[in-house]
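Results of the structural survey
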2 protein chains.
Amino acid sequence: MAEDSARVITLVVVDDHPVVRDGLRGMFDSAPGFRVLGEASNGVEGVDLVARLDPDVVLMDLRMPGGGGVAAIAELTGRGTRSKVLVLTTYDTDSDTLPAIEAGATGYLLKDAPRDELFNAVRAAADGRTVLSPAVASRLVSRVRAPGTAGHEALSAREREVLELVAKGTSNREIAAELFISEATVKTHLTHIFAKLGAKDRAAAVATAYERGILG
Amino acid sequence: MAEDSARVITLVVVDDHPVVRDGLRGMFDSAPGFRVLGEASNGVEGVDLVARLDPDVVLMDLRMPGGGGVAAIAELTGRGTRSKVLVLTTYDTDSDTLPAIEAGATGYLLKDAPRDELFNAVRAAADGRTVLSPAVASRLVSRVRAPGTAGHEALSAREREVLELVAKGTSNREIAAELFISEATVKTHLTHIFAKLGAKDRAAAVATAYERGILG
DNA sequence: CCCGGAGTCAACCGATCGGCTGATGTCGTT
DNA sequence: AACGACATCAGCCGATCGGTTGACTCCGGG
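It should be emphasised that the depicted structure is a prediction, and the values quoted were computed from it without experimental measurement.

**A word on the sheet that holds strand S4 (residues 84–89) of chain A**
Residues and elements named next belong to chain A.
- Strand order in the open sheet made by the six strands is S2-S1-S3-S4-S5-S6, with parallel pairing throughout. Looking at the sheet topology across the chains shown, the edges are occupied by strand S2 (34–40) and strand S6 (131–132).
- With four bridges connecting them, strand S1 (residues 9–14) and strand S3 (residues 57–60) associate as parallel partners. Looking at the pairing, Val13 lines up with Leu59 of S3.
- In this fold helix H4 (residues 69–78) packs onto S3 and S4, with an angle of close to 160° to the strand it touches most, S3.

Structural data, given as structure tokens:
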């Protein structure tokens, strides 16, 4: 029917894993109402492809070698592309979620989502509706709800610098020498770091920094 | 030809991501010489399925909710299954590689491997040949080459337990209370942890633990 | 122009850590 | 039976850490 063909949702897949690209292509091509127009293996290629093929929805992985996903999303929204970007990633680390959505992603799903959820998410994204993985959604809510409560502020450049040295086992005195500041200043930075990360000591600070992708 | 059908390699896919399962199934079913007999979404199901279907090769993900991949591999080799297990995982963390191979995996590939490499790997695995991703192979070599040189010893279960609490900002005294041991013992464990990880203090220990995939 | 954030520094103090030496008991292996 | 790895515990010590309070500068936004 002519009506149906008008409702077919066109897709572009951007993922560095051939297996995943094939999986998505197969999944959507064999389902009625979807058509995969093309695939790209990194963010830069992805932006080009989307510009040429103008799909309804872009399924975008984050963390790809050569062309990060977040940068690609920002580029697309910056260009005013009509395509909706649906982030489809393996792990839901703190550091990925927020930047991706800020950059203009319409949705954020984890790869372990069942087929139907994926289909629904793509249809929703095509309509411009925001779709979030339950796990991601709850995280976002708690993030917004607790701005000062659970200390989720970003570290300053200097603080990150200090934290990196802490992670290497550098003592406060050594850090002071390394950064050409006094030991007192190092301690001040650390106090701020602990507050921002909600950590009790340097060990916990390093741990949460790794959890949030600030280190590693 | 009758000869060809005898050479068809049968597969079972074990992965918690539907997308990946579909990707692999599509990839192998559409290629000549392979047939996917079934899929499972965790290690326990995987073991059952392999026992029933007796495939030539099992494509196994590690890190699945409910039934770890390494345990499944150990179970299969323990049962003397003839199926070869090919580990197919996303990231190549230190903590995964060695246990999987020790458990009896025939090969270890990363999901970002190109199609042809995957096909070749499966054929090799079916023949009983060991196939390692270049990245993994070089890591293993360096691991074997430098056993005492760069302090790469594994932590004991108790030590890991202590380290996990350290990463949460727990003090030695609190750790002692939590684990029903004395503070002195906690310190002893920590001294050993520092030595094994080559870390100067608890912060550095947490950092290297994250780097090596022991934590996170 | 004033405010606030970031970065810098100081002095003090109690709590904690990390190193050291040495000891006991349990495993599994040899 | 002997051995090494692991886990447990003790006491002592100096070094380091983390908290607190207060203060100075620079810079950019309102």
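Okay, back to it.
**As for the pairing of strand S5 (residues 107–110) of chain B**
All names here are of chain B.
- Every second residue of S5 is oriented toward a common face, with Gly107 and Leu109 on one face and Tyr108 and Leu110 on the other, all of them buried.
- Sheet analysis places strand S4 (residues 84–89) next to S5, joined by four bridges and oriented parallel. By the bridge assignment for S5, Val87 is matched with Tyr108.
- Here S5 runs beside strand S6 (residues 131–132); their pairing, made up of two bridges, is parallel. Within S6, the residue paired with Gly107 across the bridge is Val131.
- You can see the chain leave S5, run along helix H6 (residues 115–126) and come back into S6, and the turn it takes is left-handed.

**What about the relation of the copies chain B and chain A?**
- The two copies are related by a screw operation: chain B maps onto chain A through 180° of rotation and 0.6 Å of translation along the axis, at an RMSD of 1.8 Å. Such a combination of turn and shift is consistent with a two-fold rotation axis. Distance from the rotation axis, computed per C-alpha, reaches its smallest value in chain B at Gly23 of chain B: 1.5 Å.
- A shared interface surface links the copies, since 94% of the contact residues of chain B are contact residues in chain A too.

Parameters and conventions
Residues numbered from 1 in each chain as written. Chains lettered and ligands numbered in written order. Predicted model: local features only at pLDDT ≥ 70, side-chain atom pairs only at ≥ 80, totals over all residues. Heavy atoms only, no water. Pairing = 2+ DSSP bridges. Helix = DSSP H or I, 4+ residues; strand = E, 2+ residues; numbered from the N terminus. Contact = heavy atoms within 4.5 Å. Axes fitted to C-alpha atoms, helices over the stretch in contact; angles between N-to-C directions. Buried < 20%, exposed > 50% of the residue type's maximum accessible area, 1.4 Å probe, protein only. Right-handed = clockwise from strand over helix to strand, strands pointing away. Least-squares fit on C-alpha atoms with pLDDT ≥ 70 in both.

Keep in mind these numbers describe shape, not what the thing actually does.
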